[in-house]
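Each chain is listed here by its residues.
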Amino acid sequence: MAERSFAAEVLKLKLGDGAVVSGEGILAVTKALLQSGVAYIGGYQGAPISHLMDVLGDAHDILEDLDIYFENSASEATAAAMLAASVHYPIRGAVTFKSTVGLNVASDALADLSSGGVKGGALIILGEDYGEGSSIMQERSHAFAMKSQMWLMDPRPNMTAIVDAVEVGFELSEASNTPVMLELRLRSCHLHGSFVARDNVRPSMTVTEAIDNPVRDLSRVVLPPASFLHEQEKLTQRWPAAVDFIRDRGLNEVLGEGTADIGIIVQGGLYNTMNRAMELLGHSDPYGDTDIPVYVMNVAYPVIDSEIIDFCKTKRAVLMVEEGQPDYIEQNVNTILRRSNVTCQIHGKDLLAEMGEYTTSVVTHGLSAFLDTYLPDSTTHKPNLLLPDDHPDSPFAARDSTSAVEPRPPGFCIGCPERPIFSALKLAERETGEHHVSADIGCHLFSINAPFDIGATTMGYGLGSAGAAALNSRNADRRTIAIMGDGGFWHNGLTSGVGNAVFNDTDQLLVVVDNDYSAATGGQDLLSSGNNNPIRSTKHSIEKAVRGVGVKWAKTVPNTYKVAELRDTFIEALTTKEVGPKVVIAQSECQLNRQRRVKPEFQQALKAGDRVVRERFGVDADTCTGDHACVRISGCPSLTIKPNPDPMRTDPVATVTDSCVGCGVCGANAHAAALCPSFYRTDVVYNPGFTDRVRTRARSWLISRLSKRIENRAAAFERQI
Amino acid sequence: MAGWYDGQRPITIAILAMGGEGGGVLADWIVSLGEANGYIAQSTSVAGVAQRTGTTVYYVELYPMDKHRSESGAEPVLSVFPAPGEVDIVIASELMEAGRAVQRGFCTPDRTVLITSTSRVYTMTEKMSPGDGRVDSALLLAAAQLGSKRFIGADFEELSRGTNSVISAALFGGLAGADALPFERVQFENAVRESSKGVEASLAAFALGFDAAKAPPQLPTVDKQAKQTRVDSVSVEIGPRPTKTRAEKASEAAEKERYALALSDPARLVGPSLGAQAERVASEFPAAARSMLLHGVERTAVYQDADYANRYLDRVARIAAVDPARSDGATLTIESARNVALWMCYQDTSHVALQKIRTKRIEGIREEAKAGPKQLIQVREFLHPQAEEICDSLPVGIGGRLAKSKSFERVVGRLTAKGIVLNTTSVVGYTLLWSMARLRPMRPRSLRWHREQGEIDSWLDLVIEAVDNGNPALAVEIIECQRVRKGYGETYARGRKNFDLLIDIAREIQGRDDAKATLSRLISAALADEDGTALQAATATVYAQG
């Protein structure tokens, strides 16, 4: 079950004509899909579109009522291949994933899909993970649109615009027999706003109807000679059809035409940022009434030559606001103008940042430089962010010793079961020496930061094992370690990593982190999830799977909090004479999900009068000597430091905050690393039973007698208060 | 056109928090507050894996609904990014995040109302240091005050903890109390009521946050004029830590009272059996050092006996006799009083056992765990005694022999390999610890005792040698070297090794002009990391310079 429940939000999906829906951008996309008569939906979770999959999962009743098929795809490639259903049948399908990583994985299927073309509308909703908060390499989805000839929509970050883009995206796809990608930037996905709903539409043909009436058209299969014809079709038929549709429907917008002899071209997704920059420079207002013409590209690809020419031919200069690199659109625009002999000067990356996210600050700088050149007296106001950093009114003026502010990168959550895995690995390495560690994608990648500092490369989701494939030598004294999450394992790691290692006889320790969910993406269920999912088949063992592809040495450690046991298993796997891959499956439930499950259970038991025990850890400030070795081997947010309560000592002591969930890793580390005797666990017993009461009475009697001698002696020496 | 500079602009609010702290809930409350009261609201955040415990910025814009324009279908164009210099309200869940808001230009002195918790959530770097890696809160607080138009700081974390709620509720109360938004208190509270979970606790925290913002604790304000002219050096002008929690203020007052008592009636600062020692402190030692000495007397006596306290005073007396600043701060004497006592009360098995069974400890744990006064609690210790530690606490003869015995090491190793979990609140556990604590009289016959006492004396010899050679400043640093002796097991061994190295170097360089600075640098290096890289690097430069 996913980390966040949308049970309340999905009710909004049932709203009809005229109702105002308010919520996240993701909810708007889902509603728009239902309003478009989509017949099937698939996808793979990943920020920033994880919630789209979660919303759909929570809405499965509504989807079933509308005869919409919904699948949690095994990977982005699976999701993309699903769209094959729209090749022969006039049914609309949508898939979603994180980009560019999702597109990388899906591109084989998407290339084939684009070659043969589609009959029913095929929409790919991309969560563009670029800029602040991104967890992946910084690239653009735009390149995929160009290479396979798929159209790329980039709507304004506004709920109504997003909903419209989904609906018109299907129409564009059908009009031009081409798959359409809809790009939503990170912040747009998490945008809260509202839009006016329309009625949901049942698909004109359902998946069931398609299955029962099979169609086959040889001209759509990607094999010579059809594949050569597809390329011609793309340029001679589909492209012109798309251009006509985009022009006729006015998908791109021109605002404020005639107000000035210069202009701005902006990607739709950047429009709001652009308008804010214009507001800050006094050239627009909150409703976008601009005094400089703006061409908004809600379709970023294809670029419509005639629209560009029309916009530019009446202007001295135009600023192209295009995020990321390379500057594909700017190059395209320059080519169009050059070919048509339009002399308008195009600016873009020469005035704006060459790379990186286009924040308000970045766009304002570029726009200001552009206006200073072409309309020097028009700007009446300049915001402080344009001042040089050393100006006292600059927002960045040194007002403190800013070096005091330290970065705070993301890390393992409180009580995370992956933390002890890396504690154990660190302890194992103390005995076996350091190893090359190939990391993967997932929460476990936080191991690369302090305090663990484990992991040398990450080559992509599920590729932890493959990333160490070359480092396989019979002559080496130590073997390589690879990490893989359960998400990556089922995504592709079982074949690309484990199967590969078996086939090539790779001498590798592969640690599979099995936390019951695809945790990093928001706790979605997987094949190996331990719970019963009413609409999916779960509880498929990872160990059985690896043995199934031929791994001989495989061990499952069912409780990662037992640091010493895990450490010993690692040492064994690193030293055994057994050839081939050694697979350790480290298993414990994601704590975020566990707490969501356990907390209500605890409250319920408490109310029912059952005996329940609440556990938390603590550190004796008297016994702690303030070395913080415990922090260096754990890094749990609830294990922190506080001023030393001892008036004689100065260094801070370790302490455990109230947020502790009592996972036990502090105690296990104290043992496994022979840390110090300062750690204790407190068990608070609620609704004690008969045995508890009798035992307590006996204990109190003894302890009060024995402690009297100790306390009396101390009282002779200690200050009496 | 009427635009940004004519007030045609949204209210902009940035929230800086750490993932999992409820910043999203706070943003949602602000959105529903706005939407319920005639505003169009838009909020965004960067979510996903980037949120897990790391810094996260939530951003909200509120724009007054214009009926006329809405009816014609026009919507205001709101931004998804906070623009530096253009944020009206910044809410920070923690002091360093407030500093980050200033650093990133979101919080500026010409515009921003800053509502921040003055509490700290330490970063990994701060926590990991083997010594004290904490950033000076005064720097952060100065940044927050200088970087905001109006500064509202309170320990919202502490407020929310008292109500069993989350910090976001207290901060929302702070926002209401700040009068920075055009809404009434009841409108804020309605937004909280609309959310389904934990409404009562949230409202309680909200109320405390509201009051705190109405009457923020008195913090010495930073002279903004002075800062404007000397922007680079603001940090040095702040002076004493301006932020003080109630607890800190109380402890400061207690410290003052204690200091006065140490002069007027020192016997009251120790137990009835230590009257003679208190008298000796009053008659033989400089006034400034007395409070610290009485701490030491009390500690050494509890640790061993009254004789041991006498021995402690003898040791510090040696230093006090040569302290050139006896009547002027007596730094050397104070630091000796502190460090000699700490070393003399080294953490051995018997002492740890005593600490574990003290009544006040169990009471403290009960309070920490929020258990009721009669509620059943159990306390389990995670112990890992090692052969070396056991040998150390045995009488010299037998301990020495066992230390050399491989079979003894094996037996202990096997028994404790997995560590021991001891229930202090049980009959067996308590009795075991109690018996170990009762071994105290055997301590002076132990191997470790002999070793430690010898090392203490030769350390103090070196201190006196440094003073005799006219370098009292170096003497203070030599005393401070005790700080690197920490921990148990391997950590203890490492600390001892580093200490020996520092003392050797101190002895060698004591004639040099830079001896004090060098040793101080080496102490910091010894406390900088675990594997000794920093100390090694620092040591290498000592002789290169000389």
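Owing to the predicted nature of the structure, the values given are computational and were not obtained by experimental measurement.

J.: What is the right way to look at the interface of chain B and chain A in this model?
T.: Put simply, an interface is often sized by how much accessible area is lost when its parts join up. At the junction of the two partners, chain B supplies 154 residues and chain A supplies 133 residues. A combined buried area of about 12,200 Å² lies between chain B and chain A, and 55% of that area is made up of carbon and sulfur atoms. Where chain B packs against chain A, one counts 18 salt bridges. The shortest N-O distance in the salt bridge between Glu 94 of chain B and Arg 408 of chain A comes to 3.1 Å. Joining chain B to chain A, the criterion identifies 62 residue pairs in polar contact (both at pLDDT 80 or more). Grouping the constituent residues of the side of chain B that touches chain A by class yields 71 nonpolar, 42 polar and 41 charged. The pairing of strand S24 (residues 679-686) of chain A with strand S7 (residues 377-383) of chain B spans 5 bridges and is classified as antiparallel. Across the sheet, residue Thr 682 of chain A finds its bridge partner in S7 of chain B, namely Val 379 of chain B.

J.: I'm lost on the packing of helix H1 (residues 25-35) of chain A against helix H2 (residues 50-58) of chain A in this one. Help?
T.: If you want to describe how two helices pack, look at the angle between their axes and the distance between the axes. Residues and elements named next belong to chain A. Following both chains from N to C, one finds H1 and H2 inclined at 50°, their axes separated by 9 Å at the closest point. Relative to H2, the element H1 lies oblique. The handedness of the crossing between H1 and H2 is right-handed. The residues of H2 that touch H1, namely those facing Ile 26, Leu 27, Val 29 and Thr 30, are His 51, Leu 52, Val 55 and Leu 56.

J.: Hey, could you run me through the domain arrangement of chain B in this one?
T.: Residue and element names in this part refer to chain B. On domain assignment, one finds that chain B holds domain 1 (11-243), domain 2 (244-345), domain 3 (349-447) and domain 4 (448-546). Contact with domain 3, which involves 10 residues of that partner, is made by 6 residues of domain 4. Buried surface at the junction of domain 3 and domain 4, summed over both partners, amounts to about 680 Å²; 49% is from carbon and sulfur atoms. When the buried surface of domain 3 facing domain 4 is broken down by residue, Asp 392, Pro 444 and Leu 447 rank first, second and third, together holding 50% of it. Arg 451 is the salt-bridge partner of Asp 392, the closest N and O atoms lying 3.4 Å from each other. Joining domain 3 to domain 4, the criterion identifies 10 residue pairs in polar contact (both at pLDDT 80 or more). Of the residues that constitute the side of domain 3 that touches domain 4, the class distribution is 4 nonpolar, 2 polar and 4 charged.

About the thresholds
- Residues numbered from 1 in each chain as written.
- Chains lettered and ligands numbered in written order.
- Predicted model: local features only at pLDDT ≥ 70, side-chain atom pairs only at ≥ 80, totals over all residues.
- Heavy atoms only, no water.
- Contact = heavy atoms within 4.5 Å.
- Buried area = accessible area lost by both parts, 1.4 Å probe.
- Salt bridge = Lys/Arg side-chain N within 4 Å of Asp/Glu carboxyl O.
- Polar contact = N/O pair within 3.5 Å; in protein donor to acceptor, adjacent residues only side chain to side chain.
- Nonpolar A, V, L, I, M, F, W, Y, C, P; charged D, E, K, R; others polar.
- Pairing = 2+ DSSP bridges.
- Helix = DSSP H or I, 4+ residues; strand = E, 2+ residues; numbered from the N terminus.
- Axes fitted to C-alpha atoms, helices over the stretch in contact; angles between N-to-C directions.
- Parallel < 35°, antiparallel > 145°, perpendicular 65-115°, else oblique.
- Left-handed = near helix turned anticlockwise from the far one by under 90°.
- Domains from an automatic or database assignment.

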